[in-house]
Amino acid sequence: MNGKKRCEKGTFSPDGMRAEILNPFVHKLELDNAYDKIRTAIFTVILLPFRVIVICYLIVTAWFLACVGLYGLSEDDLRKKPMTGWRR
């Protein structure tokens, strides 16, 4: 074998890298039986409206906090010069 290891799953190649490099951006979802498929479908339908409601709440909260932070400044004040006092 000349001191070289075979590249099998779970072993290392001669240059020290893993023989099988996994792609971190790919997820293979294996739904083996009908129960897993039904459960995934139900949770998808239930969680989607909840996620939309939470996202809308967070956007409205961010808008409100931005309005509070800009309270007392007119449109002309904002266009003339950058805001001061909130940053070092």
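Within every chain, residues take consecutive numbers counted from 1 along the sequence as written. Only residues with pLDDT of 70 or above have their local features reported here, since the model is predicted, and side-chain atom pairs are shown and tallied only from 80 upward, although totals for entire chains, interfaces and linings are computed over all residues. Working from all heavy atoms in the structure, the side-chain values ignore hydrogens and water.

**Some words on the UniProt feature "transmembrane region" (unreviewed entry) in the protein chain**
When the UniProt feature table is mapped onto this chain numbering, "transmembrane region" (unreviewed entry) sits at residues 41-73. Secondary structure is summarised from DSSP: a helix means a run of H or I of at least four residues, a strand means a run of E of at least two, and numbering begins at the N terminus for each. Helix makes up 88% of residues 41-73 and strand makes up 0%, while its end C-alpha atoms are separated by 49 Å. UniProt positions are given in the numbering used here, feature names are shortened, and annotations may be inferred rather than shown by experiment.

**Quick word on the pattern of salt bridges**
Put simply, a salt bridge is a Lys or Arg side-chain nitrogen that is within 4 Å of an Asp or Glu carboxyl oxygen. For the structure shown, the criterion picks out two salt bridges. Salt-bridge contacts for aspartate 36 lead to arginine 39; the nearest nitrogen and oxygen are separated by 3.7 Å. On the criterion of helical spacing, the pair formed by aspartate 36 and arginine 39 is a turn pair, its members being three residues apart in helix H1 (residues 34-69). Classification of arginine 39 by relative accessible area gives partly exposed; the value is 38%. Between arginine 79 and glutamate 75 there is a salt bridge, with the nearest N and O atoms lying 3.1 Å from each other. Residue arginine 79 and its partner glutamate 75 are both found in helix H2 (residues 75-80); the two are separated by four residues, about one turn of the helix. According to the relative accessible area criterion, arginine 79 is exposed, its value standing at 66%. Burial classes: relative accessible area under 20% of the type maximum marks a residue as buried, over 50% as exposed, and values in between as partly exposed (1.4 Å probe, protein chains only). For glutamate 75, a relative accessible area of 49% puts it in the partly exposed group.

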